[in-house]
Amino acid sequence: MAGYFGVLVSDPWLQNQFTQVELRSLKSSFMAMRRESSSGLKLAELPEKMSRLKHVGENLTEQERASFLQESYQNLDVDVDFELFLRVYLKLQALATERRGSGAKNASAFLKSPTSTLLHTISESEKASYVAHINNYLAEDEFLKKYLPIDPATNDLFEIAKDGVLICKLINVAVPGTIDERAINTKRVLNPWERNENHTLCLNSAKAIGCTVVNIGTQDFIEGRRHLVLGVISQIIKIQLLADLNLKKTPQLVELVDDSKDVEELMSLPPEKILLRWMNFQLRKGGYSRTVTNFSSDVKDAEAYAHLLNVLAPEHTNPSTLTVKDHLERAKLVLEHADKMGCKRYLTAKDIVDGSPNLNLAFVAHIFQHRWILLETLDKVSPGIVNWKIASKPPIKMPFRKVENCNQVVKIGKQLKFSLVNIAGNDIVQGNKKLILAYLWQLMRYNMLQLLKNLRFHSHGKEITDADILEWANSKVRNSGSQSRMDSFKDKSLSDGIFFLELLSAVHPRSVNWSLVTKGLSEEEKKMNATYIISIARKLGCSIFLLPEDIIEVNQKMMLTLTASIMYWTLKQPAEERPCGSSDSETGSILDTSSNSTMDDTASESSIDDNSSN
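Predicted, not measured: the structure shown is a model, and the values here were computed from it.

When helices and strands are tallied, the chain shows 30 helices and 2 strands. Counting across all 614 residues of the chain, residues that qualify as buried make up 49%. For the chain, restricting intrachain contacts to residue pairs at least 6 apart in sequence, the fraction spanning at least 24 positions comes to 59%. With the model as given, the accessible surface of the chain reaches about 30,100 Å², and the carbon-plus-sulfur share is 51%.

Here is the structure:
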């Protein structure tokens, strides 16, 4: 530290939390406390000595200060320098403000603007919600996945955002293609110029997609000013969630107006106003008499939400939601209803009751985005199979129209030879998770087998079966010189991951670093191998839908999709890029000699019975 009238604080972040007058006043108090202590000022002494400081001393008892420091620091027998003194003061000041009730609810981080003496707060609920959003949408990003998932209970979000990469990536999630990611500096350690380039890129791109970034500069990101960083993230996520609220992307919004003049007015409204109009349109259909004009005070009792969800998903209605008197209990029931619809939670019941405007807007935006998408998925997987003339597109007003759509889903599934015993359209409408997952599994499997069948390497139009995929994998590993094999897709020996690592090595010899592979004897070793398998497969370009636990537990269906994904990737590669010994004719011969089996869920088990009898 420099002398009294020199540089009072060397840490730039701390400099920005106080005016020079405040720093000198606090320095004077600190020096007086230190002179009173013959052996140096210790952290344990601060609860008693800080009683003389106006804000901290008047609003917290000595016991409250002592308890807080015991929770915040492991060792209280350390010497206190001026910078540590200031950090403790800021924490106690935040606690005092929160206890006094002048701070924002659920806010724990208080920062001062470098240009004013106002205290800024961040909402812990909002931070947790945005962190969950980032963890969900950026989980597979090649650069960021080593930092994810972020723990919402920490300030890791602001640390990770300091190099600018996360904000740039989030902008591309909100408005794809805004940033050419080749322009982002993504080295593990960036120098100041590279970091500044990233911040400039993300701020200009944020402005380009509609964010307000007045009085926010690159230095704010470098110093991790949380209220400013969270403000930018909040705007980016809001833009993403409201992206479909226009007539171009959602023509069905035209039902909100009566004539062409009203259509012009609707097109001129900002997205959040359109969202409010859509919400009120749905509420009127449900007989709700009040008009919602905001996402704060008008929804705090959760009554509007209860009516909205009853209109959109009457099959999940709970009569208690509207009869319960306690607002918090009603909010909890509303969120249970939303869960049954498959909507993500952007808020808690308390956030509804507290009237958090940003989180309530995010919640309603996600409800708006929610769609009955099975018919669209089927049309992608098997183009032309859906009869759109008899399908009702969202928003669907009458429950029986949903049943009609889902009946067509079941009918198409039977055309595709899915095993759909005792499944009816109403089961999908009612949200029967087990039956829906069974349908989606067969749809995913059908899609993968169609991709394989369409490749030029398939056996002259012959349907590729589970047995073909099993034999292909065993042949690949065998030809690489390994003795490993799998007897079936539920072969328990697969749990150690070794076979799939050898398969990946066979199709791409340099893909596996064998020094990182464990023997797979313990659960921890198995998990390390399973995680490595998934990472390698994704790194090669395979579409992977499983978790490490699926490999460890030998989930038969997921073993099939993993093997099929690797097979599909391999067969897509030009012949000259494949390992020696791999050829079109080899693949064709495997498929030609394999037995032809049906497309139901028992197909992958037929090979088990065949092998076990040998």
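That covers the picture; the talk isn't over yet.
All right, on to the environment of Gly-541 then. Among the secondary structure elements, Gly-541 is positioned in the loop between α26 (523–540) and α27 (548–552). A relative accessible area of 40% means that Gly-541 is categorised as partly exposed. For the pair Gly-541 and Thr-570, spaced 29 residues apart in the sequence, the C-alpha separation amounts to 9.8 Å.

Counted according to the given criterion, the structure contains 19 salt bridges. One salt bridge in this structure joins Glu-36 and Lys-49, with 3.1 Å as the shortest N-O distance. You can see Glu-36 sitting in helix α2 (residues 20–36) and its partner Lys-49 sitting in helix α3 (residues 46–49), a full 13 residues away along the chain. By relative accessible area, Glu-36 is classed as partly exposed at 47%. One salt bridge connects Arg-478 with Glu-471, and the closest N-O pair in it is separated by 3.5 Å. Given a relative accessible area of 43%, Arg-478 falls into the partly exposed group. Each of Glu-36, Lys-49 and Arg-52 takes part in salt bridges that share partners, so that together they form one network.

With that out of the way, let us pick up helix α19 (residues 357–369). Compared with an ideal rise of 1.5 Å per residue, which puts 13 residues at 18 Å, α19 spans 18 Å between its outermost C-alpha atoms and is within 8% of the ideal. Along α19, the residues that are buried comprise Leu-359, Asn-360, Leu-361, Ala-362, Phe-363, Val-364, Ala-365, His-366, Ile-367 and Phe-368. Those residues of α19 hidden inside the fold are in contact with α7 (124–137), α12 (226–241), α14 (271–285), α15 (303–312), α17 (327–341) and α18 (349–354).

What follows is about empty space enclosed by the protein. All chains considered together, the criterion is met by 2 cavities of 30 Å³ or more. Size it by volume and the largest cavity reaches roughly 70 Å³. Counting residues per element, the ones that place at least two in the lining of the largest cavity are α12 and α19. In terms of residue count, α12 provides more of the lining of the largest cavity than any other element does, 4 residues in total. Within the lining of the largest cavity, the residues separate by chemical class into 5 nonpolar, 2 polar and 1 charged. Estimates place the volume of the second largest cavity at around 50 Å³. His-316, Asn-318, Thr-321, Leu-333, Glu-336, His-337 and Lys-340 together form the lining of the second largest cavity. Per-element tally for the lining of the second largest cavity: the top contributor is α17, with 4 residues. A class-by-class count of the residues in the lining of the second largest cavity yields 1 nonpolar, 4 polar and 2 charged.

Time to look at the environment of Gly-520. For Gly-520, the position within the fold is in the loop between α25 (498–507) and α26. On a C-alpha basis, the gap between Gly-520 and Ser-495 in space is 7.9 Å, while along the polypeptide they are 25 residues apart. Among all residues touching Gly-520, those that are not within four sequence positions of it are Asp-496, Glu-525, Lys-526 and Asn-529.

Right, let's talk about the nonpolar core for a bit. Core analysis: the biggest nonpolar cluster contains 80 residues, and Ile-134, Leu-157, Ile-167, Ile-233, Leu-275, Trp-278 and Met-279 have the highest contact counts within it. Not counting residues within four places of it along the chain, the set of residues in contact with Ile-167 comprises Ala-161, Cys-202, Phe-221, Val-232, Ile-233 and Ile-236. Counting residues in hydrophobic clusters, the runner-up holds 44 residues, among them Met-448, Trp-472, Ala-537 and Val-554.

The next point concerns the confidence of the model for the chain. Chain-level pLDDT for the chain is 78 on average; 78% of the residues reach the 70-or-more range. The model gives residues 101–119 a pLDDT under 50, and that stretch makes 47 contacts with residues more than four places away or in other chains. Below a pLDDT of 50 lies the segment residues 583–614, which in the model reaches 68 contacts outside its immediate sequence neighbourhood of four places, other chains included.

Attention now moves to the packing of aromatic side chains. If you walk through the whole model with that rule in mind, you get 9 aromatic pairs. Residues Phe-30 and Phe-82 carry aromatic rings whose centres are separated by 5.5 Å and whose planes lie at 40° to one another, so their mutual orientation is tilted. Placement of the pair is Phe-30 in helix α2 and Phe-82 in helix α6 (residues 82–100), with a sequence separation of 52 residues. Across the pair, Phe-82 and Phe-30 agree in class, each one buried. Ring geometry for Phe-30 and Phe-85: centres 5.3 Å apart, planes at 50°, overall tilted. With a gap of 55 residues between them, Phe-30 in helix α2 and Phe-85 in helix α6 connect regions that are remote in the sequence. Residue classification places Phe-85 among the buried positions, given a relative accessible area of 0%. It is Lys-146 that lies over the ring of Phe-143; its NZ or CZ is 4.0 Å from the centre.

Burial analysis of α15 places 9 of its 10 residues in the buried class, the great majority of the element. Where α15 is concerned, the buried positions are Ala-304, Tyr-305, Ala-306, His-307, Leu-308, Leu-309, Asn-310, Val-311 and Leu-312.

What counts and how
Residues numbered from 1 in each chain as written. Predicted model: local features only at pLDDT ≥ 70, side-chain atom pairs only at ≥ 80, totals over all residues. Heavy atoms only, no water. Helix = DSSP H or I, 4+ residues; strand = E, 2+ residues; numbered from the N terminus. Buried < 20%, exposed > 50% of the residue type's maximum accessible area, 1.4 Å probe, protein only. Contact = heavy atoms within 4.5 Å. Areas by Shrake-Rupley, 256 points an atom, 1.4 Å probe, with all protein chains shown as cover. Salt bridge = Lys/Arg side-chain N within 4 Å of Asp/Glu carboxyl O. Expected span 1.5 Å × (residues − 1). 1 Å grid on protein atoms, 1.4 Å probe; cavity = no way out; pocket = protein on both sides within 12 Å on 5 of 7 lines; lining within 4 Å. Points joined across faces, edges and corners; volume = space filled by probe spheres on them. Nonpolar A, V, L, I, M, F, W, Y, C, P; charged D, E, K, R; others polar. Core = buried A, V, L, I, M, F, W, Y, C linked by side-chain atoms within 4.5 Å. pLDDT = per-residue confidence, 0-100. Phe/Tyr/Trp six-rings, centres within 6.5 Å; stacked < 30°, edge-to-face > 60°. Lys NZ or Arg CZ within 6 Å of the ring centre and 35° of its normal.

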